[in-house]
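The chain contents come next:
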Amino acid sequence: MSDSGKSGTTRKHTALPKAKILIEALPWLTRHHGKIVVIKFGGNAMLNEDLKAAFAQDVVFLRHAGLRPVVVHGGGPQISAALDRHGIVSEFKAGLRVTTEDAMDVVRMVLAGQVQRELVGLLNQHGPFAVGLTGEDAHTITATKHQPEIDGERVDIGRVGEITAIDTGAIEALLTDGRIPVVSSIARSQDDGHVYNVNADTAAAALAAALGAETLMVLTDVEGLYEDWPHSDEVISRLTASQLEKLLPELSSGMVPKMEGCLHAVRNGVTTARVIDGRVQHSILLEIFTDEGIGTMVVPDEAEGEQS
């Protein structure tokens, strides 16, 4: 056989696994085509350059594959670093950042002027897709002052907001135009006109429900929800809303807003909510387009027994 014949055979062999991977994605491509997927971007994926680049590739891939991605982001580490530079002490109560007026100015600047801009830039390396907005724009997210209860008493933690309304008009217009909305989790209050810092997990869940999304995906720094942490690192791959509700009191404080968001989403029309490991490159594609999936999937109670 000639050398050219050998190289042709070699090419066929190396190409075959790639074809199989593409074919495995076909049912999921068919199922998710035209559907909205809301992705909460956070954790280490926001800090590592390679993970950020892979995230941007994944989101643009979803857009080209016929899905309609919406990205919601926070920016905890970046906010803490900026507050340090401004000489403002970071304080947390009930798992939420105490946000003074001075701190709120920094939060707004970091989320809308730094984190969002970087993310929009990464996405737009692949085409004219991403458009940044905050919850303030077009009344996308409206909030009221949130006062958590600690030891039976309401505590003032400053400019931290509780979502009261969602207006999806601006996001839907962008999706119709083929764009990828990138939403910073800050909101304005109808009560007092102030701007509030809103938990990004909560904001993503509220937007997913209001948009009638097919899927909410929350990127975290763990593999998913553990069966019996810290005694076991076995991840629960799937659970119903009711099963999750029973587990909530036992969860770590950082996991609570993520899982409460998943619960809210599936109880309000979102087909599946997933917590996935943002430390794994291309974790979004692995979760949506492969049979195995990764992370933890939450489904509505009546969906138990259906194919994921």
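Residues numbered from 1 in each chain as written. Predicted model: local features only at pLDDT ≥ 70, side-chain atom pairs only at ≥ 80, totals over all residues. Heavy atoms only, no water.

Asker: Whenever I open this one, helix α2 (residues 49-64) confuses me. Can you help?
Answerer: Owing to its 3.6 residues per turn, the α-helix brings residues three or four apart onto one side. End to end, α2 covers 23 Å across 16 residues, agreeing with the expected 22 Å (1.5 Å per residue, within 8%). Among all positions in α2, only L51, K52, A54, F55, A56, D58, V59, V60 and L62 are buried. Residues of α2 that are buried in the fold lie against β1 (36-41), β2 (68-73), α4 (101-123), β10 (180-184), β13 (215-220) and α9 (283-289). For α2, the N-terminal cap is N48; the gap from its side-chain oxygen to the backbone nitrogen of D50 is 2.9 Å. (Helix = DSSP H or I, 4+ residues; strand = E, 2+ residues; numbered from the N terminus. Expected span 1.5 Å × (residues − 1). Buried < 20%, exposed > 50% of the residue type's maximum accessible area, 1.4 Å probe, protein only. Contact = heavy atoms within 4.5 Å. Polar contact = N/O pair within 3.5 Å; in protein donor to acceptor, adjacent residues only side chain to side chain.)

Asker: Can you help me understand the packing of aromatic side chains in this one?
Answerer: Ring pairs (aromatic) are described by centroid distance and by the angle formed between their planes. If you walk through the whole model with that rule in mind, you get 2 aromatic pairs. Aromatic side chains F41 and F55 sit 4.0 Å apart centroid to centroid with 25 degrees between the ring planes, which places their arrangement in the stacked category. Within this pair, whereas F41 is found in strand β1, its partner F55 is found in helix α2, the two being separated by 14 residues in sequence. Judged by relative accessible area, F41 falls into the buried class, the value being 3%. Given a relative accessible area of 3%, F55 falls into the buried group. (Phe/Tyr/Trp six-rings, centres within 6.5 Å; stacked < 30°, edge-to-face > 60°.)

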